[in-house]
Amino acid sequence: GPFSTYIRYRYETINGRPLSQDTLGIFNIPNFYLMGLATPGREYMSPRGYNDHRLGTRAFMATFEFRAPVIPINVLEAVKIVKLGMPTFAFITDIGNAWQPSRKTENMIITNGIEFRFSINIDNIPIFIFSYGLAQEIKDWDKGTQPNPYLQLTLINPF
């Protein structure tokens, strides 16, 4: 059918005393993916719409998306080499947490929102995958707070 569900889960643990640049956690640091899979440097656990940080020696993040193509064609082709990949619209939810086993665990971080995604392809290989969205924590949606928009390079290909 025209819809797709995407799920990704990631868990990390670290033992000992990590250097500060190796500390695990949930961060408000966007990742920059190239070709939809390569991350120059470290991949951060960064829920879309989360504006704080939480540190620990254990951390996990899960992403859930329900998505559909905006229009089921490639809209732009320049000399049939450079193409704009099929634009995609998605409902997103990110869930994460970071903690120290010796301390009380804080509540889960849950964000949700909407996202528009497209890629710039060379031939049929996505080189840059852009996502523009509005997301924030559920408690902020309940308060009626306006979410901050974001534009980032992303991991997940459009259709």
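Just above sits the structure.
These notes cover the structure that comes with them. As the structure is a computational prediction, the values presented were derived from the model and not from experiment.

This brings us to the pairing of strand S8 (residues 109-122). Two faces belong to every sheet, and in a regular strand the side chains alternate between them. Here S8 shows one buried face, formed by Ile109, Thr111, Gly113, Glu115, Arg117, Ser119 and Asn121, and one open face, formed by Ile110, Asn112, Ile114, Phe116, Phe118, Ile120 and Ile122. The pairing of strand S6 (residues 82-84) with S8 spans 3 bridges and is classified as antiparallel. Of the residues in S8, the one forming a bridge with Leu84 is Ile120. Looking at chain direction, strand S7 (residues 88-99) and S8 are connected through 9 bridges and run antiparallel. By the bridge assignment, Ile95 is partnered in S8 with Ile110. The sheet contact formed by S8 and strand S9 (residues 125-137) spans 12 bridges and is antiparallel.

Enumeration over the complete set of coordinates arrives at 9 aromatic pairs. Taking 6.3 Å as the distance between ring centres and 65° as the angle between the ring planes, the aromatic pair formed by Phe60 and Trp99 counts as edge-to-face. Residue Phe60 is found in strand S4 (residues 58-69), and its partner Trp99 is found in strand S7; the two are separated by 39 residues along the sequence. Aromatic ring contacts, followed pair by pair, group Tyr9, Tyr11, Phe60 and Trp99 into a single cluster.

Relative to the elements of secondary structure, Leu153 occurs in strand S10 (residues 149-153). Each C-alpha atom, one on Leu153 and one on Asn31, is 7.0 Å from the other, the two residues being 122 residues apart in sequence. With sequence-adjacent residues up to four places away left out, Leu153 is seen in contact with Asn31, Phe32, Tyr33, Phe128, Ile129 and Phe130.

Conventions and cut-offs
- Residues numbered from 1 in each chain as written.
- Predicted model: local features only at pLDDT ≥ 70, side-chain atom pairs only at ≥ 80, totals over all residues.
- Heavy atoms only, no water.
- Buried < 20%, exposed > 50% of the residue type's maximum accessible area, 1.4 Å probe, protein only.
- Helix = DSSP H or I, 4+ residues; strand = E, 2+ residues; numbered from the N terminus.
- Pairing = 2+ DSSP bridges.
- Phe/Tyr/Trp six-rings, centres within 6.5 Å; stacked < 30°, edge-to-face > 60°.
- Contact = heavy atoms within 4.5 Å.

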